[in-house]
Amino acid sequence: MGVQISPSLLSADFARLADAAAAVPHADWLHVDVMDNHFVPNLTLGLPVVEAMLKATQIPLDCHLMIEDPDRWAPAYAEVGVGSVTFHVEAARAPIRLARELRSLGTRAGMALKPATPVDPYEDLLPELDMLLVMTVEPGFGGQKFLDVCLPKVRRARELIARHGLELWLQVDGGVSAETIERCAEAGADVFVAGSAVFGADDPDRMVEELRRLAESAGPSSNAGLTS
Ligand code: DX5
Ligand code: ZN
């Protein structure tokens, strides 16, 4: 799998989410930020809105759960049929068990790391996952400045993925734009979340294609991290 772009609906008009989905037909995913006002200091949407979005678009949903107790709440997102569910390891009590449960329900299992959470302690857990999300801002809000300090972790995660020969996707989220996406791609990311960069653009779908082009030309592509 090559470069994938996942526009974040957090930067769309919440009263017109179906229109936002229709505005990015070239998106590979729609990134849905679920926030509970506990894990992060912001409150967005939950399962009923996700279910409504499933009916409103053909684009698969990439649900990023910024919530406490994902062990309890995340499986329901898999059960309604979203394509990918990402929980935060800082909030999970039993991340391996949760990842296995999500996969058994037929969804892709993702695990997210906040900027201060290192990847190395989770090396042995990576085979249980379909995607690792390295946050490039503190989770909670769209439109924040990209944290370059997170790039060595992206690079390190790509090394670990290559070392173990995994098919794991490596996602970045936060401050990803035409100015920053090449650095992320060069460090080894292959799935790119972009909220304000896409929905703040005059032509959101054109921005999706522009971000894809920039990431593809900056590559290393998915598995080439250690060999290029
Ligand atoms: C932040 C969210 C992001 C957010 C990104 O906590 O996880 O998905 O929408 O927004 P931008 O791309 O504007 O930084
Ligand atoms: Zn997100």
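Scroll up to find the structure this text is about.
One structure accompanies this document, and this report is about it. Per-chain numbering applies: the sequence of each chain, read as written, is numbered from 1 onward. Key to labels: chains lettered from A, ligands numbered from 1, both in the order written. At least 70 in pLDDT is required for a residue's local features to be given in this predicted model, at least 80 for side-chain atom pairs to be given and counted, and no such filter applies to totals for whole chains, interfaces and linings, which use all residues. Based on all heavy atoms of the structure, the side-chain values leave hydrogens and waters out of the count.

Topic: the coordination of the zinc ion (ligand 2)
Line of reasoning, step 1. Metal sites are built from N, O and S donor atoms within 2.8 Å, or 3.2 Å for Na, K and Ca, and they leave out water, so they may look incomplete. Coordination of the zinc ion (ligand 2) by the protein comes from His31 (NE2), Asp33 (OD), His64 (ND1) and Asp173 (OD), over a distance range of 2.1 to 2.3 Å.
Line of reasoning, step 2. Classification of the site at the zinc ion (ligand 2) as octahedral follows from its six donor atoms and the range of 72 to 170 degrees in their angles at the metal.
Line of reasoning, step 3. Sequence spacing of the donor residues for the zinc ion (ligand 2), all on one chain, is H-x1-D-x30-H-x108-D. Of this pair, Asp33 sits in strand β2 (residues 30–35) while His64 is found in strand β3 (residues 61–66), placing the two residues 31 residues apart along the sequence. His64 shares its class with Asp33; the two are buried. A four-donor site is classed as tetrahedral when every donor-metal-donor angle falls between 85 and 135 degrees; four donors are called square planar, and six octahedral, when trans pairs exceed 155 degrees and all remaining angles lie between 65 and 115, with any other arrangement labelled irregular. The way it works is that DSSP assigns letters per residue, a run of H or I at least four long becomes a helix, a run of E at least two long becomes a strand, and they are numbered from the N terminus. When accessible area is computed with a 1.4 Å probe and restricted to protein chains, residues below 20% of their type maximum are described as buried, those above 50% as exposed, and intermediate ones as partly exposed.

A look at the pairing of strand β8 (residues 191–194)
Line of reasoning, step 1. Every second residue of β8 is oriented toward a common face, with Val191 and Val193 on one face and Phe192 and Ala194 on the other, all of them buried.
Line of reasoning, step 2. One ladder, built from four bridges, connects strand β1 (residues 4–7) with β8; its direction is parallel. Bridge pairing links Pro7 to Ala194 in β8.
Line of reasoning, step 3. Think of it this way: DSSP has to see at least two bridges between two strands before they count as a pair. Taken together, the three bridges between strand β7 (residues 169–173) and β8 define a ladder with parallel strand orientation. Bridge pairing in β8 links Val172 to Phe192.
Line of reasoning, step 4. Convention used here: a crossover is right-handed provided that the path from the first strand, over the helix, to the second strand proceeds clockwise when the strands point away from the viewer. Read from β7 through helix α6 (residues 181–187) to β8, the crossover connection turns out right-handed.

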